[in-house]
Amino acid sequence: MKKTILALLLSSVSFAAVAAEVNVYSSRHYASDDQLYAAFTKATGIKVNRIEAKDEELVERLKAEGARSPADVLILADAARLQAAQDMGLLAAVDSPTLASKIPAQFREPNNHWFGFSSRARVIAYDPGLVTEAQAKNYATLADASMKGKVCVRSGAHPYNLSLLGAMMVHEGEAKAEAWAKGVVDNLARKPKGGDTDQIRAIAAGDCAIGLTNSYYYLRLQRSEKPEDTKVIDRVKMAFPDMAGQGTHVNISGGGMLANAPHKAEAVKLLEFLATDEAQQYFANGNNEFSVVAGVKLDNPELNAVSNFKADPLNAAAIGAKRNAAAQIMDRAGWK
Ligand code: FE
């Protein structure tokens, strides 16, 4: 009996030694990520087993699996979600000189529990026939009385909006941030619904004049060859708004190693791979996100054309830490 158990143990150990693998739980929903993981396997020989689901589902699954979880790496969009995962104790600190030197401090959790691998700006989409460029270059315009009945936005509970409000809370204080959220709600053309692309399309359809979107959704439509997308971009412009002199709110998509990771060395290798030029090019060329690593050459003229905007330098983790207080403000403002 004991011999059998020993034999089983030995066979599983030797299996692990030949078949290096890493288990990734990812909420990213972008087609170009398939090529990204294939490139990692090609470069390292490490097989990637990927489970894709919504952020809340992944986090619930990780909590349920506990110490027996097979997951090594968690990839989520938005600092608010990554910070929430860290606060639940799901992530381990990763001491990697490669990541520390390649990922700017702004886009890393200060104790290296998670790292941003691509960045995105929360920009204003607008109809230039109804909103001036100067108006579109300021988040305050969304809450201005002149925009009554003209604003389309997604839910205030979504991390993209929670993080924008969180940055505003840090820079301008809670009272001003709450007044802004209430002002946006007062200006809504319709109840918040859909994703960011839906807001852009609603502006093109004339349902509203101005809204918020992450930059890559606008750029995706701009680079699309579908005639219906071209029509949308002919009508809707994108502006990089300023937050009271701080610049445009930027957030990240990123990841970290799970505290219970069975394949820790492979997990670190995968995280380090995400900071290589090759991976950065997938994010930028494939999904129109900004590279976070300096000096990476990108093959994306539309992205390059807008890359030199003034970005708010606030640390992503400081933004993520505001998510619960931001959600309370959203509730009080009635931004459902
Ligand atoms: Fe997104």
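Residues numbered from 1 in each chain as written. Predicted model: local features only at pLDDT ≥ 70, side-chain atom pairs only at ≥ 80, totals over all residues. Heavy atoms only, no water.

Caption draft 1: View of the overall build of the chain. A tally of regular secondary structure across the chain gives 16 helices and 10 strands. Since a compact globule built from 336 residues should have a radius of gyration of about 20 Å, the 21 Å found for the chain is in line with a globular shape. Projected onto its principal axes, the C-alpha positions of the chain cover 80 × 40 × 35 Å. Evaluated residue by residue, the chain yields a buried proportion of 52% over its 336 residues. Here the chain displays about 14700 Å² of accessible surface, and carbon together with sulfur accounts for 54% of that area. Charge-centre separation for the chain: the mean point of 39 positive side chains lies 3 Å from the mean point of 38 negative side chains. (Helix = DSSP H or I, 4+ residues; strand = E, 2+ residues; numbered from the N terminus. Rg over C-alpha atoms; globule rule 2.2 N^0.38 Å. Buried < 20%, exposed > 50% of the residue type's maximum accessible area, 1.4 Å probe, protein only. Areas by Shrake-Rupley, 256 points an atom, 1.4 Å probe, with all protein chains shown as cover. Lys, Arg positive; Asp, Glu negative; His and termini not counted. Charge placed at Lys NZ, Arg CZ, Asp CG, Glu CD.)

Caption draft 2: Local environment of the nonpolar core. Membership of the largest hydrophobic core comes to 75 residues, with the highest contact counts inside it found for Leu 74 and Phe 117. Counting contributing residues, this core receives three or more from each of domain 1 (2–119 + 252–301) and domain 2 (120–248 + 320–333). When near neighbours in sequence (up to four residues on either side) are disregarded, Phe 117 contacts Leu 99, Ile 103, Ser 253, Gly 254, Gly 255, Leu 271, Leu 274, Ala 275, Gln 280, Phe 283 and Val 292. Judged by nonpolar contacts, the second largest core, of 33 residues, contains Tyr 126, Met 147, Ala 177 and Leu 314. (Core = buried A, V, L, I, M, F, W, Y, C linked by side-chain atoms within 4.5 Å. Domains from an automatic or database assignment. Contact = heavy atoms within 4.5 Å.)

Caption draft 3: A look at the packing of helix α10 (residues 215–223) against helix α11 (residues 227–235). One can describe the packing of α10 onto α11 by two numbers: an axis separation of 7 Å at closest approach and a directional angle of 120 degrees. Judged on the interaxial angle alone, α11 and α10 are oblique. Between α10 and α11 lies a crossing whose hand is left-handed. On the side of α10, the interface is formed by Tyr 218, Leu 221 and Gln 222, while α11 contributes Asp 229, Val 232 and Ile 233. Considered class by class, the residues forming the contact of α10 with α11 number four nonpolar, one polar and one charged. (Axes fitted to C-alpha atoms, helices over the stretch in contact; angles between N-to-C directions. Parallel < 35°, antiparallel > 145°, perpendicular 65-115°, else oblique. Left-handed = near helix turned anticlockwise from the far one by under 90°. Nonpolar A, V, L, I, M, F, W, Y, C, P; charged D, E, K, R; others polar.)

Caption draft 4: Expanded view of unusual backbone geometry. A positive phi is found at Asn 112, a non-glycine position, where the angle reads about 60 degrees. Tracing the sequence through the fold places Asn 112 in the loop between α5 (97–102) and β5 (115–126). For Asn 112, a relative accessible area of 17% corresponds to the buried category. Phi at Ala 244 takes a positive value of approximately 45 degrees, unusual for a residue other than glycine. Checked against the element boundaries, Ala 244 lands in the loop between β8 (237–239) and β9 (250–258).

Caption draft 5: Geometry of the packing of helix α7 (residues 159–172) against helix α16 (residues 323–333). At a minimum axis distance of 9 Å, the contact between α7 and α16 shows a crossing angle of 100 degrees. Our classification of the angle between α7 and α16 gives roughly perpendicular. Residue-level inspection shows Asn 161, Leu 162, Leu 165, Gly 166 and Met 169 of α7 in contact with α16, the latter providing Arg 323, Ala 325, Ala 326, Ala 327, Ile 329 and Met 330. Grouping the amino acids of the contact of α7 with α16 by side-chain chemistry returns eight nonpolar, two polar and one charged.

Caption draft 6: Inspection of the pairing of strand β1 (residues 21–26) at higher detail. Among the six residues of β1, five are classified as buried, and the element is accordingly described as predominantly covered. Of the strand pairs in this sheet, β1 and strand β2 (residues 47–52) are connected by six bridges, and their pairing is parallel. Across the sheet, the residue bridging to Val 22 is Val 48, located in β2. As defined by bridge partners, β1 adjoins strand β3 (residues 73–77) across three bridges and the pair is classed as parallel. Residue Ser 26 lies in a different strand from β3, and its bridge partner there is Ile 75. (Pairing = 2+ DSSP bridges.)

Caption draft 7: Representation of the pattern of salt bridges in the model. In this structure the tally under the stated criterion is 17 salt bridges. For Glu 52, the salt bridge goes to Arg 50, with nearest N and O atoms at 2.5 Å. Note on Glu 52: relative accessible area 43%, which makes it partly exposed. Exposure remark for Arg 50: the relative accessible area of 27% places this residue in the partly exposed category. Glu 65 serves as the salt-bridge partner of Arg 61, at 3.2 Å between the closest nitrogen and oxygen. Here Glu 65 and Arg 61 lie together in helix α3 (residues 55–65), a separation of four residues that amounts to about one turn. Using a relative accessible area of 37% as the deciding quantity, one classes Arg 61 as partly exposed. In this structure Glu 65 comes out as buried when scored by relative accessible area, which is 16%. (Salt bridge = Lys/Arg side-chain N within 4 Å of Asp/Glu carboxyl O.)

Caption draft 8: How the structure looks around the domain arrangement of the chain. Structurally, the chain comprises domain 1 (2–119 + 252–301) and domain 2 (120–248 + 320–333). On the side of domain 2, 16 residues touch domain 1, which itself brings 22 residues to the contact. Taken together, both faces of the contact between domain 1 and domain 2 bury some 1400 Å²; the carbon and sulfur share is 49%. Two residues, Glu 289 and Arg 120, come together in a salt bridge whose shortest N-O distance is 2.8 Å. Along the contact surface separating domain 1 from domain 2 lie seven residue pairs in polar contact (both at pLDDT 80 or more). Of all the elements in the fold, those that place two or more residues in the side of domain 1 that touches domain 2 are α4 (79–87), β5, β9 and α13 (277–287). Here the side of domain 1 that touches domain 2 gets six residues from one element, more than from any other, and that element is α4. (Buried area = accessible area lost by both parts, 1.4 Å probe. Polar contact = N/O pair within 3.5 Å; in protein donor to acceptor, adjacent residues only side chain to side chain.)

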